[in-house]
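# An overview of the molecular structure
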Amino acid sequence: MGELIANFGTGQVPMVAYLGVSLIMFFSGVYGFLTRKSLLMILVAVELMLNAVDINFVVFNRFLFPGQFEGFFFALFTIAIAACETAVAIAIIINIYRNINSVQVGELDEMKE
Amino acid sequence: MQYTLLILALPLLSFIFLGLMDSKLKAQVSGLFGTCILGTITILSYFTAFQYFTTQKIDGVYQKLIPMHMEWVRFTEYLHIDLGILLDPISVMMLVVITTVSLMVHVYSLSYMHGEKGFQRYYAFLSLFTFSMLGLVVATNIFQMYIFWELVGVSSFLLIGFYYTKPSAVAASKKAFIVTRFADLFFLIGILVLSFYTKTFDFKELTAEDSNLFAACSGATFMGFSVISWATAMIFIGGAGKSAMFPLQIWLPDAMEGPTPVSALIHAATMVVAGVFLVARLFPVYYFQTPEVLHGVAYIGVFTALFAAVIACVQTDIKRVLAFSTISQIAFMMVALGVSGYEGHEGTGYMASMFHLFTHAMFKALLFLGAGSVIHAVHSNEMGHMGGLRKYMPITNWTFLIACLAIAGIPPFSGFFSKDEILSACFEFSPFVGVTMTFIAGLTAFYMFRLYYGIFWGKEHKHEHTPHESPLLMSVPLLFLTAVTVVAGIIPFMMGTPITSDGADYHIHLNVVVATISVVVASISIIISTILYKKGDGVMADKLATTFKGLHKAASNRFYIDEVYLFITKKIIFNNVSRPIAWFDRHVIDATMDGFANVTQWFSFKSKDFQSGQVQQYAFAFLLGTLIMTAIVMLL
């Protein structure tokens, strides 16, 4: 925290600030995943978690291993995968809607018994 | 003499074939098939007997011959179960007896059972019975005998219960099976004890005269008797069960619920003498090792003979009279074995027993088949429904009369010779036994003629339709058996008999005193019976019955032995043993098992709630688990 305050106004954002944002994003995602009832909102929560992870990759690469690119590339990969995953998830959600006329996650318990 | 295997194989194949085809075959076809097979093995048996008695004699002694032998199961060096065929004088004689009577019954049944439901099944069971009985008599070792012994029991059960829609027949078959099976338990224990100490099952080794198998165990005793005595006594109990010796005789009278030809085959001529055969087979063991058991056999025999003869005097169901007469006559054979010595003249009892077995099989089968013919004509077993039948059924009348004379011991019919030998053996053993047996022989003559007059003489009962003589297929066996009954005594008397304890020929010497006494006693009994029953009005018989009211009532109720059994089983065993065991079974064993099931079910219902189907709950649990594991890793 001291470093954050020390660098305040110097124009350079410290690593901890990035990580703080990503932490908040990730747990917002977790919270959303656990509490939202709509499948679409849960999907949004998942995206939020993925993006928080992306930020972590980029930040660690930028601050800990400058001059290398693995973290950046991994973030790009994740973005691509996330896009695919969203497409698939939405397709599934549409099918669920066709079957049970609802996208509420609480009603998806037909496989229980 | 390898072909003797066919004697066993053919009836077995016949059973399998008839049993599998069942109603796919026409009734007459399966009947004829079974009868033809039986005819074949009868001829084979006669041929075996001829060949055996003409070729197997060495130094005047008939050798034990084993034409077939194989090891079936081997457990240890000593413990192995073999199967084989043993031919010696008694087994060859039994082959002849069994196949002859069985063939007669097969022929007779073609007509007697005509049109019965399950005719094919009946013939299949007859084949099974014949197979098991033949296997029993040719067994080379006591375990093989036990196997066939049980098979005989099963086929007897099946045939008694042939009319399985009739509750009394079902009850009778169960009773017969349970009582004999109970006795067989002792038989098995006896076999195991005997073979444990002698290290062999084999008859040839057990009965060898120079056998030193028993020397090793002469010291072993249990409760004051040697173990071998226990073993032979147990084996005798098994034999007593099948041969209906007191107190295990209760099943035989009820077994008359079966079809009459079956009674003739199984419950008169063959299966019930299995016990006698068993004692005869092990005779050297009984005689040399455990003479006290052999004397026990004799006394049980005497008591059974008297007991059954008294009951037979008051029964009114003709088949029951014959059943009690059978018990009494088998007891005669047992007594003869019990009082017998070994070798030569000493062995009269043994010879007489086997001789009586042969003649009895023939005339008792004849009596039963005659009774069947009567029942066929009047459709009733009760003596009260008969009377005066001699006019309608001349062949049955004459054959029945000859059989009655034979069993009563009137010369020259077969029963006279065999019974006379038994009586003289008894007199040599002890005068008391001799006198008692002579008295019983008199009773035999009395009740047989009571039966005869009851059926064929006396007042004519009103019949719905006039009784008629039975068809040819039923008369021919009657005539054949009558012929055998007439000559079966004379021929061994003239020629000598090879069926003795040591295998040497034996020439029968008629003991004139004994013979005269027994003939006189029998004649007096017949005369008394004639006076009492010939007219059939029953005035004097009723007077006698009222004079000896207590005895008459007790004998009519078979001395309440069945009631005693019922009391013991129902009141004592069921209440004091079975009920607690049942309670234990239900409340402890079953309850434990139910408990396991209930706890498992309860647990599964409870744990089922974890699997809610709610994705978010799973995710929450997953998150929680991750956090806990992270905390653990960080803190430790």
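In short, a report on the structure. (Residues numbered from 1 in each chain as written. Chains lettered and ligands numbered in written order. Predicted model: local features only at pLDDT ≥ 70, side-chain atom pairs only at ≥ 80, totals over all residues. Heavy atoms only, no water.)

### Re the packing of helix 5 (residues 142-160) of chain B against helix 10 (residues 260-269) of chain B
A pair of packed helices is characterised by two quantities: the angle between their axes and the separation of those axes. All names here are of chain B. Between helix 5 and helix 10, the shortest axis-to-axis distance is 11 Å and the interhelical angle comes to 155°. By the criterion of interaxial angle, the relationship of helix 5 to helix 10 is roughly antiparallel. Two packed elements cross with a definite hand, and for helix 5 against helix 10 that hand is left-handed. Each of Ser-156, Leu-159 and Ile-160 in helix 5 lies in contact with helix 10, whose residues at this interface are Val-262, Ile-266 and His-267. In terms of residue class, the contact of helix 5 with helix 10 is built from four nonpolar, two polar and no charged. (Axes fitted to C-alpha atoms, helices over the stretch in contact; angles between N-to-C directions. Helix = DSSP H or I, 4+ residues; strand = E, 2+ residues; numbered from the N terminus. Parallel < 35°, antiparallel > 145°, perpendicular 65-115°, else oblique. Left-handed = near helix turned anticlockwise from the far one by under 90°. Contact = heavy atoms within 4.5 Å. Nonpolar A, V, L, I, M, F, W, Y, C, P; charged D, E, K, R; others polar.)

### A short note on the pairing of strand 4 (residues 80-87) of chain B
Residue and element names in this part refer to chain B. Within strand 4, six of the eight residues are buried, which leaves it mostly tucked inside the rest of the structure. The pairing of strand 3 (residues 65-74) with strand 4 spans seven bridges and is classified as antiparallel. Residue pairing for strand 4: Val-73 is matched across the bridge by Ile-81. (Buried < 20%, exposed > 50% of the residue type's maximum accessible area, 1.4 Å probe, protein only. Pairing = 2+ DSSP bridges.)

### Structural notes on the side chain of Ser-102 of chain A
Residues and elements named next belong to chain A. Structurally, Ser-102 is set in the segment after helix 4 (70-100). A polar contact of 2.9 Å, which involves the side chain of Ser-102, links it to the backbone nitrogen of Gln-104. Among the polar contacts made by the side chain of Ser-102, one reaches the side chain of Glu-107 at a distance of 3.2 Å. Setting aside residues up to four positions removed in sequence, Ser-102 forms contacts with Ile-96, Tyr-97 and Glu-107. (Polar contact = N/O pair within 3.5 Å; in protein donor to acceptor, adjacent residues only side chain to side chain.)

### Re the interface of chain A and chain B
Tallying the contact residues gives 13 residues for chain A and 10 residues for chain B. Carbon and sulfur atoms make up 60% of the surface buried where chain A meets chain B, a total of about 890 Å² over both sides. Taken together, the links from chain A to chain B amount to zero salt bridges. Linking chain A with chain B are three residue pairs in polar contact (both at pLDDT 80 or more). Here the side of chain A that touches chain B takes four residues from helix 2 (residues 15-35) of chain A, the largest share from any one element. (Buried area = accessible area lost by both parts, 1.4 Å probe. Salt bridge = Lys/Arg side-chain N within 4 Å of Asp/Glu carboxyl O.)

### Regarding a nonpolar patch on the surface
Residues and elements named next belong to chain B. A surface patch of nonpolar side chains, amounting to about 670 Å² of accessible area, comprises Val-564, Phe-567, Ile-568, Ile-572, Ile-573, Phe-574, Val-577 and Ile-581. With respect to the helices, strands and loops of the structure, Val-564 is situated in helix 23 (residues 561-608). Val-564 gets classed as partly exposed once you look at its relative accessible area, which sits at 43%. (Patch = residues over 30% accessible without salt bridge, like charges linked within 9 Å, V, L, I, M, F, W, Y side chains within 5 Å. Areas by Shrake-Rupley, 256 points an atom, 1.4 Å probe, with all protein chains shown as cover.)

### Some details on the side chain of Ser-132 of chain B
Residues and elements named next belong to chain B. Residue placement: Ser-132 occurs in helix 4 (residues 119-137). A polar contact of 2.6 Å, which involves the side chain of Ser-132, links it to the backbone oxygen of Leu-128. With residues up to four places along the chain from it excluded, the contact list for Ser-132 reads Phe-148, Leu-151, Val-152 and Ser-155.

### A look at the packing of aromatic side chains
Scanning all chains against the criterion turns up 37 aromatic pairs over all chains. Judged by centre distance (5.4 Å) and plane angle (70°), the ring pair of Tyr-122 of chain B and Phe-162 of chain B falls under edge-to-face. One end of the pair, Tyr-122 of chain B, is in helix 4; the other, Phe-162 of chain B, is in the loop between helix 5 and helix 6 (167-198), and 40 residues separate them in sequence. Each member of the pair Tyr-122 of chain B and Phe-162 of chain B is classed as buried. When the ring of Tyr-452 of chain B is compared with that of Phe-456 of chain B, the centres are 5.4 Å apart and the planes differ by 40°; the resulting orientation is tilted. Taken together, the positions of Tyr-452 of chain B and Phe-456 of chain B, both in helix 18 (residues 431-456) and four residues apart, correspond to about one turn of that helix. With a relative accessible area of 0%, Phe-456 of chain B lands in the buried category. Members of the aromatic cluster, each reached through a chain of ring pairs, are Phe-400, Phe-449, Tyr-452, Tyr-453, Phe-456 and Trp-457 of chain B. In this structure, Arg-62 of chain A is placed above the aromatic ring of Phe-63 of chain A, and the distance from its NZ or CZ to the ring centre is 5.3 Å. Positioned above the aromatic ring of Phe-196 of chain B, the side-chain terminus of Lys-199 of chain B is 5.5 Å from the ring centre. (Phe/Tyr/Trp six-rings, centres within 6.5 Å; stacked < 30°, edge-to-face > 60°. Lys NZ or Arg CZ within 6 Å of the ring centre and 35° of its normal.)

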